[in-house]
Amino acid sequence: MAQKAEIRSTFLDRLYSVLKNFWGMSLVFLGLMILLRLAELGLVFQTHVLDFTFRDVWTYGFLQDLEWILYFLGLLFIVFLILSLLSRTLAKIVLQVTLAVALIVHVALIFYFLKTLLPLGKDLFAYNWNDLILTVSSSGQLNLINLILGLVLFSVLLLVFHLGIKFFPFQLKTSLYFTAALYALLLGFTLLPELISAGTSETKRNVELNKTRFLTEQAFDYWIYGGEYYFDFYLRGSSDDLLVQKEFTNDEYPFVHKNNYPDVLSPFFDSLTQAPDIVFIFVESLGKAYSGKDAYLGSFTPFLDSLEQHSLVWTNALSSTGRTFGLLPGVFGGLPFGEKGFLELSDEFPYHHSFLSVMKDNGYDVRYFIGADRKFDRVSDFLEYQQVTQLEDESTFLPGYQKSPSQNGFSWGYADKELFQNGLRKLPAERVAPQVRIFQTQTSHDPYLVPEREVYQQKLQAHLRDYLKLSTAKINEYLAYQDIYMTVLYADDAVKLFIEEYKKRPEFANTIFVITGDHRLPEVPMASRLDRFHVPLMIYSPLLKRRDYFKGISSHYEITPSLLAFLEKNAGIQLPEEVIWQGQVLDTTRTFQSMIAMPLMRNKNQLVDYIHGEFFLSEGQIFLVTDGLNIDPVDDPDLLTRLTGEFEEFKNKNSYMVQTRKLLPPKP
């Protein structure tokens, strides 16, 4: 009997020791996570101007954290218990290190969110190592001081968790109650619906999210379900509610259809006497929210505002992606996304043509200019595939130009004014062939370091006071984002100087300018899930016989088919009989309507949005789209089923293209 009692006593002692270690550290972890949620919300509301309050997000934010903590600790307890059977010391060390690392990662994700207002997700896995290091360096966070602070924080956390065991000397029965409560609550949360706000505000939902949970779920989804697959599909014509009825012709190449796009631009132009030059101006992070007529944040592009008065302007224009990686394939080809954006297929681009290659085939020279590294996001691979005539980046600048201000020694390259000045100097002195010229800016990009800072600080104050006519209180709200708005004002000035200089060139009189943004920047809170894609789009040219504003929804996808149809009719260029453009044509109606259908990719690896007509599908929820690209929730199960099916059909074709590389039949 004495031997049995001794064995039982040893078991209970070991169990008590194991549970004491686990709950001593876990309760400290729980408390620190709650403090971090409070700190996160405090910093978010201190750093950003939001249209909701602390109370609006606290409840769901706390529930998001609690649910994640329960899942995390529930899994850790199982691992900890198994390790404790081998060695209680080893189990204790593993638990200490795991909890400390989890907190440090959570802190890092909070700081990332404070800067971008976007939680880090699958896009982390979409960049190659060089692009990832470049992006992190641009934020200024990768430095020796932060690394030292991280090590100090790690050491302090290890000590705090060790002391937590002594701070919470619970009895065995109490520890068992905690363990039972952990799994009971975990079961309860599993049975509950999603604990997050419904509605149109993406920013509000992002604030509520537990940032570690979001990254973990995104990583799990990427690693487990990230592989591309496809199933059999059947070709079918486009719906009757779209601008163009596409006739698909080849079941082996599901994106191929006959080139039957109407010319919608000719009514706005004088008759052409020769093939015109086409100049594209892509402005980094230029969103409609702060540029042009009816910008709801007020316009910070006074020159582009004046240029609108002499242009064709689409007030409800969409980019195809929420980041720059989709700009060139979207504008110049309406190309499918692949798994991480079309440019990431550069190891073996599927055979395709684009606006650039078609223009090359028709005798045009194609010239591209950027102040950054052309290799970032594999831009140079795409342009070299199109066999452009001239490709200029930061490595080929003429002497005498200075790079943008740096942060911790990092600079994206040359600022926008230098980009345009250098580009103009590098253009050929004589026009021996019609031209396509592309200028892509980069100053209005994180970390938003503007040249001539003092000048633009004064300019911003004057703009807020005199141009936007804001009150002192409102001005102070805008100054929370002064670095961002200064770079937008600077980019607008750069475009102004470029257009003024271009007017002095003899080819100006025969040039068509296409001006748009690549996406809206996320650091200023977005009004809705569709807001990030809402960009200015205008066509300016001395060849125009009248200007106009159009309210029909159009996108980057519509630019190539519209320009090519116009040039075929008016300049006699030859077009392929079969094309792969996903877009329609630019909608020139003056009243609001939507007759397009297209997927929208937020970030690399994040394809969760789709628009068809006046309905927007986002993460399994339907919204009605109205003028200004405002959205309101719609409860319609049948519509949800139909749009989800269409979206899945696109993703199926997209996956097929990735695996087979069959996009367009090669020329015989």
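Residues numbered from 1 in each chain as written. Predicted model: local features only at pLDDT ≥ 70, side-chain atom pairs only at ≥ 80, totals over all residues. Heavy atoms only, no water.

1. Focus: the overall build of the protein
Now for step 1: What the protein contains, in helices and strands, is 18 helices and 18 strands.
Now for step 2: On the principal axes, the C-alpha backbone points of the protein span a range of 110 × 60 × 45 Å.
Now for step 3: For the protein, buried positions account for 56% of its 668 residues.
Now for step 4: Contacts in the protein between residues at least 24 apart in sequence constitute 78% of all its contacts with a sequence separation of at least 6.
Now for step 5: Total accessible area on the protein is roughly 28,500 Å²; 57% of this is exposed by carbon and sulfur atoms. (Helix = DSSP H or I, 4+ residues; strand = E, 2+ residues; numbered from the N terminus. Buried < 20%, exposed > 50% of the residue type's maximum accessible area, 1.4 Å probe, protein only. Contact = heavy atoms within 4.5 Å. Areas by Shrake-Rupley, 256 points an atom, 1.4 Å probe, with all protein chains shown as cover.)

2. Points about the sheet that holds strand E12 (residues 554–555)
Now for step 1: With mixed pairing, the three strands of this open sheet are ordered in space as E9-E4-E12. Edge positions in the sheet fall to strand E9 (534–535) and E12, since each has one partner strand and no second. (Pairing = 2+ DSSP bridges.)

3. Considering the sheet that holds strand E8 (residues 511–517)
Now for step 1: What the eight strands build is an open sheet, ordered E6-E5-E7-E2-E8-E10-E3-E11; its pairing is mixed. Because the sheet does not close on itself, it has two edges, and the strands there are strand E6 (390–392) and strand E11 (548–550). Looking at each pair of strands side by side, their axes are set apart by 10° on average, direction ignored.
Now for step 2: Running at roughly 150° to strand E5 (residues 365–370), helix H13 (residues 416–426) makes contact with strand E2 (277–283), E5, E6 and strand E7 (435–440) of the sheet. (Axes fitted to C-alpha atoms, helices over the stretch in contact; angles between N-to-C directions.)

4. As for empty space enclosed by the protein
Now for step 1: For the structure on display, the rule yields four cavities of 30 Å³ or more.
Now for step 2: Forming the walls of the largest cavity are Ser404, Pro405, Phe410, Ser411, Trp412, Gly413, Gln442, Thr443, His445, Pro447, Tyr448 and Leu449.
Now for step 3: Classifying every residue of the lining of the largest cavity by side-chain character gives six nonpolar, six polar and no charged. (1 Å grid on protein atoms, 1.4 Å probe; cavity = no way out; pocket = protein on both sides within 12 Å on 5 of 7 lines; lining within 4 Å. Points joined across faces, edges and corners; volume = space filled by probe spheres on them. Nonpolar A, V, L, I, M, F, W, Y, C, P; charged D, E, K, R; others polar.)

5. Some remarks on the pattern of salt bridges
Now for step 1: For the structure shown, the criterion picks out 36 salt bridges.
Now for step 2: For Lys504, the salt bridge is made with Glu501, and the minimal N-O distance between the two is 3.0 Å.
Now for step 3: We note a salt bridge from Asp609 to Arg602, for which the minimum N-O separation is 2.7 Å. With respect to burial, Asp609 and Arg602 carry one shared label: buried. (Salt bridge = Lys/Arg side-chain N within 4 Å of Asp/Glu carboxyl O.)

6. Structural notes on the nonpolar core
Now for step 1: Of all hydrophobic cores here, the largest spans 91 residues; its most connected members are Leu265, Phe269, Phe280, Phe355 and Val436.
Now for step 2: By residue number, the principal contributor to this core is helix H18 (residues 637–660), which donates six residues.
Now for step 3: Beyond its immediate sequence surroundings of up to four residues, Val436 is in contact with Ile278, Phe280, Phe355, Leu356, Met359, Tyr364, Asp365, Val366 and Arg367.
Now for step 4: Listed in part, the 44 residues of the second largest apolar core include Phe22, Leu70, Leu103 and Leu117. (Core = buried A, V, L, I, M, F, W, Y, C linked by side-chain atoms within 4.5 Å.)

7. Here we look at H18
Now for step 1: The terminal C-alpha atoms of H18 lie 34 Å apart, and with 24 residues this matches the ideal 34 Å at 1.5 Å per residue to within 8%.
Now for step 2: A positive backbone phi angle near 60° is found at Arg661, which sits one or two residues after H18. (Expected span 1.5 Å × (residues − 1).)

8. What to know about the packing of aromatic side chains
Now for step 1: For the coordinates displayed, the defined rule picks out 42 aromatic pairs.
Now for step 2: Geometrically, the ring pair formed by Phe280 and Phe332 is edge-to-face, given 4.9 Å between the ring centres and 85° between the ring planes. Linking Phe280 in strand E2 with Phe332 in helix H10 (residues 327–333), this pair joins segments that are 52 residues apart in sequence. The pair formed by Phe280 and Phe332 is uniform in burial state, with each residue classed as buried.
Now for step 3: Grouped by ring-pair contacts, the aromatic residues Phe369, Phe420, Phe439, Phe498, Tyr502, Phe508, Phe513 and Tyr540 constitute a single cluster.
Now for step 4: Here Lys211 stacks its cationic end above the ring of Phe113, 4.5 Å away from the centre of that ring.
Now for step 5: Residue placement shows Lys651 over the ring face of Phe647; its charged tip is 4.4 Å from the ring centre. (Phe/Tyr/Trp six-rings, centres within 6.5 Å; stacked < 30°, edge-to-face > 60°. Lys NZ or Arg CZ within 6 Å of the ring centre and 35° of its normal.)

9. Some points on the packing of helix H2 (residues 54–86) against helix H6 (residues 172–191)
The description of two helices packed together rests on the angle between their axes and the distance between the axes.
Now for step 1: Running from N to C, H2 and H6 cross one another at 125°; their axes reach a closest spacing of 10 Å. Judged on the interaxial angle alone, H6 and H2 are oblique. Between H2 and H6 lies a crossing of left-handed hand. Residue-level contacts link Leu63, Leu66, Glu67, Leu70, Tyr71, Leu73, Gly74, Phe77 and Ile78 of H2 to Thr179, Leu182, Tyr183, Leu185, Leu186, Phe189 and Thr190 of H6.
Now for step 2: In terms of residue class, the contact of H2 with H6 is built from twelve nonpolar, three polar and one charged. (Parallel < 35°, antiparallel > 145°, perpendicular 65-115°, else oblique. Left-handed = near helix turned anticlockwise from the far one by under 90°.)

10. Digging into the pairing of E5
Two faces make up the sheet, and in a regular strand the side chains alternate between them.
Now for step 1: Of all six residues that make up E5, six are buried, and the element is covered over most of its length.
Now for step 2: A two-sided burial pattern is seen for E5, the buried positions comprising Asp365, Arg367 and Phe369 on one face and Val366, Tyr368 and Ile370 on the other.
Now for step 3: As judged from the three bridges shared by E5 and E6, these two strands associate in the parallel manner. Bridge pairing in E6 places Arg367 opposite Gln390.

11. Observations regarding a nonpolar patch on the surface
Now for step 1: Where nonpolar side chains cluster on the molecular surface, the patch consists of Ile93, Val97, Val101 and Val105 and spans about 270 Å² of accessible area.
Now for step 2: Within the secondary structure, Ile93 sits in helix H3 (residues 88–116).
Now for step 3: Relative accessible area serves as the criterion here: at 45%, Ile93 is assigned to the partly exposed category. (Patch = residues over 30% accessible without salt bridge, like charges linked within 9 Å, V, L, I, M, F, W, Y side chains within 5 Å.)

12. Remarks on the environment of Lys166
Now for step 1: Turning to its location among the elements, Lys166 is positioned in helix H5 (residues 144–167).
Now for step 2: On the basis of relative accessibility, which here comes to 59%, the residue Lys166 falls in the exposed class.
Now for step 3: Taking the C-alpha atoms as reference points, Lys166 and Lys20, separated by 146 residues in sequence, lie 8.9 Å from one another.

13. Focus on the side chain of Asp365
Now for step 1: By secondary structure assignment, the location of Asp365 is in strand E5.
Now for step 2: At 3.2 Å, the side chain of Asp365 forms a polar contact with the side chain of Arg367.
Now for step 3: Among the polar contacts made by the side chain of Asp365, one reaches the side chain of Gln435 at a distance of 3.4 Å.
Now for step 4: Once residues lying within four places of it in the same chain are set aside, the contact partners of Asp365 are Thr389, Val432, Ala433, Pro434, Gln435 and Val436. (Polar contact = N/O pair within 3.5 Å; in protein donor to acceptor, adjacent residues only side chain to side chain.)

14. A few points about unusual backbone geometry
Trans is the common state for peptide bonds, and a negative phi is the common state for residues other than glycine.
Now for step 1: With an omega of 15°, the peptide bond running from Asp446 to Pro447 counts as cis.
Now for step 2: Inspection of the secondary structure assignment puts Pro447 in the loop between E7 and helix H14 (453–467).
Now for step 3: A positive phi angle, close to 60°, is found at Asp377, a residue other than glycine.
Now for step 4: With respect to the helices and strands, Asp377 occurs in the loop between E5 and helix H12 (379–385).
Now for step 5: Judged by its relative accessible area of 6%, Asp377 is buried.
Now for step 6: Positioned with a positive phi, Glu452 is a non-glycine residue whose angle comes to about 55°.
Now for step 7: In this fold, Glu452 is placed in the loop between E7 and H14.
Now for step 8: Take Glu452: its relative accessible area is 42%, and that puts it in the partly exposed class.

15. As for helix H17 (residues 559–571)
Now for step 1: For H17, built from 13 residues, the straight-helix expectation of 18 Å at 1.5 Å per residue is met to within 8% by its first-to-last C-alpha distance of 17 Å.
Now for step 2: Taken residue by residue, H17 has Ile559, Thr560, Pro561, Ser562, Leu563, Leu564, Ala565, Phe566 and Leu567 as its buried positions.
Now for step 3: Against the buried residues of H17 lie E2, H10, helix H11 (355–361), E8, strand E10 (537–540) and E12.
Now for step 4: Backbone geometry just after H17 places Gly572 at a positive phi near 70°.

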